[in-house]
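Chain and residue survey
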Amino acid sequence: MKKILVIGGSNSTQSINKKLAIYAAKKLRNVQLNIIDLNDFILPIYGIDYELAHGIPEKAKEFDGLINETEALIISLAEHNGSYTVAFKNILDWLSRIDQKVWKNKPMLLMATSLGKRGGANVLEAAKNFFPHLGGNIIADFSLPSFNANFNEEGISNDEYEKLLIDMVSAFENGIQ
């Protein structure tokens with residue numbers, strides 16, 4: 001049984017990206033999901049002076065260990081001002097100090113959603129361009145625009161987006177076989 005690490009790239013307790021990541025992950029068969037909350041990995045703001053004085057925080061090492069233990073990743077990124085959330089970027093900065101290949105070439109389903117019509121397009125594009133330099137093996141990607149209009153308690157309510165997500169999850173699943 002494959003171990004999948006599921007990450008919503010926001011520290012919001014009501015994160016729509018975490019909801020989307022979990023929804024996509026639950027479509028996989030015969031996997032063990034490890035759903036994490038960024039709030040369990042609160043870290044000081046990365047800075048070289050802090051690192052030299054105090055070393056790498058244990059929570060960063062713990063997060064890195066979770067990536068090491070997994071066989072694949074599902075990440076849904078929240079977009080703040082066209083980029084990663086501060087919480088996600090800070091963890092990413094600390095992780096890159098442990099291993100420049102943060103994602104360790106593990107297969108990845110990369111996603112984003114937002115309340116707006118672009119569905120986190122800027123952050124998704126940035127991650128698609130940057131994550132391969134950090135050892136990201138992006139198998140599939142998916143963007144869900146207008147989250148509140150296209151997602152409800154049961155999941156994606158728009159048939160077109162549901163079919164697209166199923167196709168991306170299937171591609172991801174084939175990539176982790």
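Counting restarts for each chain, with residues numbered from 1 along the sequence as it is written. A pLDDT threshold of at least 70 governs which residues receive local features in this predicted model, and a stricter bar of 80 or more applies before side-chain atom pairs are shown or counted, although totals over entire chains, interfaces and linings include all residues. Hydrogen atoms and water are omitted, and side-chain values are computed over all heavy atoms in the structure.

**Some words on the overall build of the protein**
Just so we agree on the cut-off: The helix and strand labels rest on DSSP assignments: H or I over at least four residues marks a helix, E over at least two residues marks a strand, and numbering proceeds from the N terminus. Only C-alpha atoms enter the radius of gyration, while the globule expectation follows 2.2 Å times N to the 0.38, with N the number of residues. Exposure classes here rest on a 1.4 Å probe applied to the protein chains alone. A residue is buried below 20% of its type maximum, exposed above 50%, and partly exposed in between. Throughout, a contact is declared for two residues whenever any of their heavy atoms are within 4.5 Å. Only the protein chains shown count as cover for residues, and the accessible areas themselves come from Shrake-Rupley with a 1.4 Å probe. The charged-residue count follows a simple rule in which Lys and Arg add positive charge and Asp and Glu add negative charge, with His and chain termini not counted at all. In this description, the location of a charge corresponds to atom NZ of lysine, CZ of arginine, CG of aspartate or CD of glutamate.
Tallying secondary structure elements over the protein gives seven helices and seven strands in all. Counting from the amino terminus, helix and strand elements in the protein follow one another as β-α-β-α-α-β-α-β-α-β-α-β-β-α. Against the globule reference of 16 Å for 177 residues, the protein gives a C-alpha radius of gyration of 16 Å, in line with a compact fold. Principal axes of the C-alpha set define a box for the protein whose edges measure 55 × 35 × 25 Å. Within the protein, the fraction of its 177 residues that count as buried is 46%. Taking as baseline every contact in the protein between residues at least 6 positions apart, the subset at least 24 positions apart corresponds to 78%. Here the protein has roughly 8700 Å² of accessible surface; of this, 48% comes from carbon and sulfur atoms. Taken as two groups, the 18 positive and 21 negative side-chain charges of the protein have centres that lie 2 Å from each other.

**A look at the layout of surface pockets**
The following threshold applies: Points on a 1 Å grid over protein atoms alone make up a cavity when a 1.4 Å probe fits among them but cannot get out, and a pocket when they form an open set with protein on both sides within 12 Å along at least five of seven lines; lining residues each have an atom within 4 Å of a point. Grid points are joined across faces, edges and corners, and a volume is the space filled by probe spheres set on the points. Under the scheme applied, nonpolar residues are Ala, Val, Leu, Ile, Met, Phe, Trp, Tyr, Cys and Pro; charged residues are Asp, Glu, Lys and Arg; polar residues are all the others, including Gly.
Each pocket or cavity is described by its volume, and for the largest pocket that value is around 170 Å³. Lining the largest pocket, in full, are Asn11, Leu38, Phe41, Ile42, Leu43, Ile45, Val86, Ala87, Lys89, Asn90 and Ile91. Residue classes in the lining of the largest pocket are distributed as eight nonpolar, two polar and one charged.

**Brief notes about unusual backbone geometry**
Phi angles above zero are rare outside glycine, and asparagine 81 is one such case at about 50°. With a relative accessible area of 86%, asparagine 81 lands in the exposed category. One non-glycine residue, serine 146, adopts positive backbone phi at about 45°. When you line up the elements, serine 146 lands in the loop between β5 (137–144) and α6 (147–150). With a relative accessible area of 17%, serine 146 lands in the buried category.

**Considerations on the packing of helix α3 (residues 58–69) against helix α4 (residues 86–98)**
To keep it simple, the criterion reads: To get an axis, fit a line to the C-alpha atoms, keeping to the stretch in contact for a helix; angles then go from 0 to 180 degrees between the N-to-C directions. Throughout this description, any angle smaller than 35 degrees is read as roughly parallel, any larger than 145 degrees as roughly antiparallel, any in the 65 to 115 degree range as roughly perpendicular, and the remainder as oblique.
Remark: α3 packs on α4, axes separated minimally by 9 Å, with the N-to-C direction vectors making an angle of 75°. Looking at the two axes, α3 sits roughly perpendicular to α4. On α4, the residues touching Ala60, Lys61, Phe63, Asp64 and Ile67 of α3 are Ile91, Trp94, Leu95 and Ile98. Taken together, the residues of the contact of α3 with α4 sort by class into seven nonpolar, no polar and two charged.

**Describing the nonpolar core**
Worth spelling out the cut-off: The criterion is simple. A nonpolar core is a set of buried Ala, Val, Leu, Ile, Met, Phe, Trp, Tyr and Cys residues joined through side-chain atoms within 4.5 Å.
Within the largest apolar cluster, 29 residues are counted, with the highest numbers of intra-cluster contacts made by Ile7, Phe63, Ile75, Leu77, Phe88, Trp103 and Phe131. Secondary structure elements with two or more residues in this core: β1 (2–9), α3, β3 (72–77), α4, β4 (107–113) and α5 (121–130). It is α4 that contributes the most residues to this core, five residues altogether. Non-local contacts of leucine 77, meaning those with residues more than four positions away in its chain, are made with Gly9, Asn17, Tyr84, Phe88, Leu110, Met111, Ala112, Thr113, Val123, Ala127 and Phe131.

**Some points on the pairing of β5**
In summary, the side chains of a regular strand alternate between the two faces of the sheet. Test applied: Here the rule is simple: two strands pair whenever DSSP picks up at least two bridges between them. A crossover counts as right-handed when, viewed with the strands pointing away from the observer, the path leading from the first strand over the helix to the second turns clockwise.
Of the pairings in the sheet, the one linking β4 to β5 comprises seven bridges and is parallel in character. Paired with threonine 113 across the bridge in β5 is leucine 144. Where the polypeptide runs from β4 across α5 and back to β5, its parallel neighbour, the crossover connection is right-handed.

**Focus on the pairing of strand β2 (residues 31–36)**
As judged from the six bridges shared by β1 and β2, these two strands associate in the parallel manner. Note that in β2 the partner of isoleucine 4 across the bridge is leucine 33. Once the chain exits β1 it traverses helix α1 (residues 16–25) before rejoining the sheet at β2, and the crossover so formed is right-handed.

**Some points on the pattern of salt bridges**
Pairs may arise between side chains of opposite charge once their charged atoms sit close together. What counts is decided by this rule: By definition here, a salt bridge exists when the distance from a side-chain nitrogen of Lys or Arg to a carboxyl oxygen of Asp or Glu is within 4 Å.
Applying the stated criterion across every chain yields a total of 12 salt bridges. The shortest N-O distance in the salt bridge between glutamate 162 and lysine 27 comes to 2.8 Å. With glutamate 162 in helix α7 (residues 159–175) and lysine 27 in the loop between α1 and β2, the pair connects residues that are 135 residues apart, well separated along the chain. Close ionic contact of lysine 61 with glutamate 58 constitutes a salt bridge, the shortest N to O distance being 3.4 Å. With a gap of three residues between them, lysine 61 and glutamate 58 both fall in helix α3, about one helical turn apart. Given a relative accessible area of 41%, lysine 61 falls into the partly exposed group. Residue classification places glutamate 58 among the exposed residues on the basis of a relative accessible area of 56%. Overlapping salt bridges, with partners in common, bring together Asp64, Asp99 and Lys104 in one network.

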